[in-house]
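Descriptive structure summary
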Amino acid sequence: MEDVLAVYARPYDPRRPVVCMDEKPYQLLGHVRDPIPAAPRRDRREDSEYLRHGTCSIFCWVEPLAGWRRIDARPRRTRIDWAGQVRHLLTQDYPDADQVILVMDNLNTHNTASLYEAFPPQEAFALAQRLEIHHTPKHGSWLNIAEIELSALTRQCLDRRIHDLDLLNTELAAWADTVNTVQRQVRWHFTTDDARTQLRHLYPKH
């Protein structure tokens, strides 16, 4: 926990940006019957019955101090998918950064071994050298700012049925563009001193 809090306390450095990532499953759903549009003094109505169109995984990348995020939905959540997302992060989102400080939870796909499974060793090594990885502790996903962003995304963008992966990605991109335009930053206020005072019951007992 203190490791992640120390990362959040670092000053902004565009050469070594702090980026948080998280992912969530999403079920693609369609309507059995077309909804009835809203009318004066009548809300929009939709049937409770729906069609299942499979599932996907939504990847969320956010740089809190810059007010930037990228959201991308993929058909699966595999090592190859995560590695592809990391390559995009390093070569397209941050091509000029010396290193990206990456905060994420400790899923089995979230490690540099995934890079070696997806890419030739030379490329995997080059990508791994530009990462400084910090994992949130077990049961400590609340420390991941990307999880907070996913919660906001769910309330503001995913509160309806979306049946198609391409449509979902269009909606996700529109949400991210809107939030990025206003550069809504996330400034973390919970410090190591706060943790040692308020969460001392979580620390090892001597």
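I will try to describe carefully the structure that is included in this document. (Residues numbered from 1 in each chain as written. Predicted model: local features only at pLDDT ≥ 70, side-chain atom pairs only at ≥ 80, totals over all residues. Heavy atoms only, no water.)

1. A short note on the overall build of the chain
- Helices and strands together make up the secondary structure of the chain, namely seven helices and five strands.
- Dimensions of the chain, computed from the C-alpha atoms along their principal axes, are close to 60 × 45 × 35 Å.
- Within the span of the chain, comprising 206 residues, buried residues form 41% of the whole.
- When contacts within the chain are restricted to residue pairs at least 6 apart in sequence, long-range pairs at least 24 apart make up 73% of them. (Helix = DSSP H or I, 4+ residues; strand = E, 2+ residues; numbered from the N terminus. Buried < 20%, exposed > 50% of the residue type's maximum accessible area, 1.4 Å probe, protein only. Contact = heavy atoms within 4.5 Å.)

2. A closer look at the packing of aromatic side chains
- This model, assessed by the stated rule, comprises three aromatic pairs.
- Aromatic side chains Tyr8 and Trp188 sit 5.0 Å apart centroid to centroid with 50° between the ring planes, which places their arrangement in the tilted category. With Tyr8 in helix α1 (residues 2-8) and Trp188 in the loop between α6 (165-181) and α7 (192-198), this residue pair connects regions lying 180 residues apart in the sequence.
- Judged by relative accessible area, Tyr8 falls into the buried class, the value being 13%. (Phe/Tyr/Trp six-rings, centres within 6.5 Å; stacked < 30°, edge-to-face > 60°.)

3. Quick look at the packing of helix α5 (residues 145-157) against α6
- α6 packs onto α5 with a crossing angle of 115° between their chain directions and a minimal axis gap of 11 Å. Here α6 runs roughly perpendicular to α5, going by the angle between their axes. Judged by the twist between their axes, the crossing of α5 over α6 is right-handed. On α6, the residues that touch Glu149, Ala152, Leu153, Gln156 and Cys157 of α5 are Glu171, Leu172 and Trp175.
- Taken together, the residues that form the contact of α5 with α6 break down as five nonpolar, one polar and two charged. (Axes fitted to C-alpha atoms, helices over the stretch in contact; angles between N-to-C directions. Parallel < 35°, antiparallel > 145°, perpendicular 65-115°, else oblique. Left-handed = near helix turned anticlockwise from the far one by under 90°. Nonpolar A, V, L, I, M, F, W, Y, C, P; charged D, E, K, R; others polar.)

4. Quick notes on unusual backbone geometry
- Phi at His139 is positive, roughly 65°, even though this residue is not glycine.
- For His139, the location among the structural elements is in the loop between β5 (131-135) and α5.

5. What to know about the nonpolar core
- The biggest cluster of nonpolar side chains holds 34 residues, and the ones touching the most others in it are Ile58, Leu153, Leu158, Leu168 and Leu172.
- Elements with a contribution of two residues or more to this core: α1, β1 (18-31), β2 (50-63), β3 (68-74), β4 (100-104), α5 and α6.
- Counting residues per element, this core draws most heavily on α5, at six residues.
- In this structure Ile58 touches Asp22, Glu23, Lys24, Tyr26, Ile71, Asp72, Ala73, Leu150, Leu153, Leu158, Leu168 and Leu172, once residues within four positions along its chain are discounted.
- Counting residues in hydrophobic clusters, the runner-up holds 20 residues, among them Val19, Met21, Leu102 and Leu115. (Core = buried A, V, L, I, M, F, W, Y, C linked by side-chain atoms within 4.5 Å.)

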